[in-house]
Every structure is written in structure tokens, then in C-alpha cells.
Amino acid sequence: MNNQEKKPVKILFVCLGNICRSPAAEGVFLEILRENQALERYTVDSAGTGGYHIGELPDSRMRVHARQRGLELVHHCRQVTTEDFEDFDLIIGMDSMNLTNLRRKAPSVEAARKIHGMAEFFSPGARYDHVPDPYYEGAEGFELVLDLLQDACLNLYNSLESEKRN
């Protein structure tokens, strides 16, 4: 195995404020890595395209719903930086607005190629083409987001592991 193969895959999950969807995706993906004893093979982070909540913990409602699934969301919110496009292998946006914002921030064509939508990893037949923002929703909105993220993150993990084997 050469050094290239030993480097961890670096993934950045992105939503608007980095208080609901992207820290939840980070938490879900980290739990999948723990379950598969794969933490050392990946670096995972999350950020927002907006700078509204920098330094804050994720939304308390998202933390409660995540905790009910055994996930502790301890990330402190931050905004996407130009350096993120150099530092991360995959930058995954939660919806079309965030994908548009990410593409605007991308410093090069090569950097823009790292951007993907979370919906690309939904199982076939999913009813959604994005991860909806639960901020103005009730409990059902947070549960829906966690359901979608658990499905997509597992598919993302399986896809990346399959690529490594080939």
C-alpha cells in the first residue's frame, strides 16, 4: 500500500448555518465510522455557507433528536473557507442553495469538482432531492433530516469503501 492510499479521506458536510443538517451529517458519518472501526481512514467536519452562528453548538432541538439516536453533536459552528477547498476531498452540500453558494466560493474548477449534493447518496426511490432545513419545522422535521442523513451517510461510506477496494 502506498502513501496515497494511507491518507484519510477528508469530507466536509455543508448547510447554511452549520447548526442543523451539516453537524448532524458529521455526527451520523462519525458514528458509521466508529461502528465500522474506520475512524482513522477519514477526517470529517462540517461548516456553513453563512456566518450566522460561528462558535455556537448545533441547534438544541437537533442535539436532542440526535441524542435519542445515540449521537452527541459537539461541533462548534464555523463558516466555509477558501482553504476548505484545498483541505477536503469531498464537500457535500445539503440543498441546491448551498451547492450554488459553494460553487461560487470554489477558487478553481478543480475545487468545484469536489462539490456534491447529499441527495446523490440517497437510496433509490427517496422522496426528496435535497435535505430539507428543519429549523422552522417541528420534531418531525428533525427526525426526517436524521433519517435522510443516516441513509445517505451509510451509502456514502459504502461507496467510498467500495472505491478503496477497487
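Here the structure is shown first, and the text comes after it.
Residues numbered from 1 in each chain as written. Predicted model: local features only at pLDDT ≥ 70, side-chain atom pairs only at ≥ 80, totals over all residues. Heavy atoms only, no water.

What follows concerns the packing of aromatic side chains. In this description, an aromatic ring pair is defined by two values, namely the gap between the centres and the angle between the planes. Evaluation of the coordinates by the stated rule reveals five aromatic pairs. Ring plane angle 55° and centroid distance 5.9 Å describe the contact between Phe-13 and Phe-29, whose orientation is recorded as tilted. A residue pair is termed long-range when its members are at least 10 positions apart, and Phe-13 in strand β1 (residues 9–15) and Phe-29 in helix α2 (residues 21–35) qualify at 16 residues. Comparing Phe-13 with Phe-29 shows no difference in burial state: the two are buried. Seen from their ring centres, Tyr-135 and Tyr-136 are 4.8 Å apart, and the 85° between their planes marks the pair as edge-to-face. Since its relative accessible area comes to 30%, Tyr-135 is described here as partly exposed. (Phe/Tyr/Trp six-rings, centres within 6.5 Å; stacked < 30°, edge-to-face > 60°. Helix = DSSP H or I, 4+ residues; strand = E, 2+ residues; numbered from the N terminus. Buried < 20%, exposed > 50% of the residue type's maximum accessible area, 1.4 Å probe, protein only.)

Considered for burial, the residues of helix α3 (residues 60–67) that qualify are Met-62, His-65 and Ala-66. End-on view of α3: buried residues confined to an arc of 100°, all on one side of the axis. Taken together, the buried residues of α3 touch α2 and α7 (139–165). (Arc of directions from axis to C-beta. Contact = heavy atoms within 4.5 Å.)

Either a parallel or an antiparallel arrangement is found when strands of a sheet pair, and the pairing is made through backbone hydrogen bonds. Taking strand neighbours across the sheet as the criterion, the four strands line up as β2-β1-β3-β4 in an open arrangement whose pairing is parallel. Taken across any chain shown, the strands that pair with only one partner, and hence form the sheet edges, are β2 (42–48) and β4 (115–117). On average, adjacent strands in this sheet sit at an angle of 25° to one another, irrespective of strand direction. Sheet analysis places strand β3 (residues 90–93) next to β4, joined by three bridges and oriented parallel. Paired with Ile-91 across the bridge in β4 is Ile-115. Against the sheet, α2 touches β1 and β2, its axis set at about 170° to β2. (Pairing = 2+ DSSP bridges. Axes fitted to C-alpha atoms, helices over the stretch in contact; angles between N-to-C directions.)

Bringing the packing of α3 against α7 into the picture now. Any two packed helices are characterised by how steeply their axes cross, that is the angle between the axes, and by the distance between the axes. Their axes nearest at 10 Å, the elements α3 and α7 cross at an angle of 60°. With respect to α7, the element α3 is oriented oblique. Of the two possible hands of crossing, α3 and α7 adopt the one that is right-handed. Each of Arg-61, Met-62, His-65 and Ala-66 in α3 lies in contact with α7, whose residues at this interface are Ala-139, Phe-142, Glu-143, Val-145 and Leu-146. (Parallel < 35°, antiparallel > 145°, perpendicular 65-115°, else oblique. Left-handed = near helix turned anticlockwise from the far one by under 90°.)

Quick look at the nonpolar core now. Within the largest apolar cluster, 37 residues are counted, with the highest numbers of intra-cluster contacts made by Ile-11, Phe-13, Phe-29, Tyr-42, Met-118, Leu-149 and Leu-156. Among the elements of the structure, β1, α2, β2, α3, β3 and α7 are those that each provide at least two residues to this core. (Core = buried A, V, L, I, M, F, W, Y, C linked by side-chain atoms within 4.5 Å.)

Summarising burial for β1: six of the seven residues are buried, a large majority. Sheet analysis places β1 next to β2, joined by seven bridges and oriented parallel. Its bridge partner lying in β2, Leu-12 is registered against Asp-45. Inspection of the sheet shows β1 paired to β3 by four bridges, in the parallel sense. Paired with Ile-11 across the two strands is Leu-90, which belongs to β3.

Keep in mind these numbers describe shape, not what the thing actually does.
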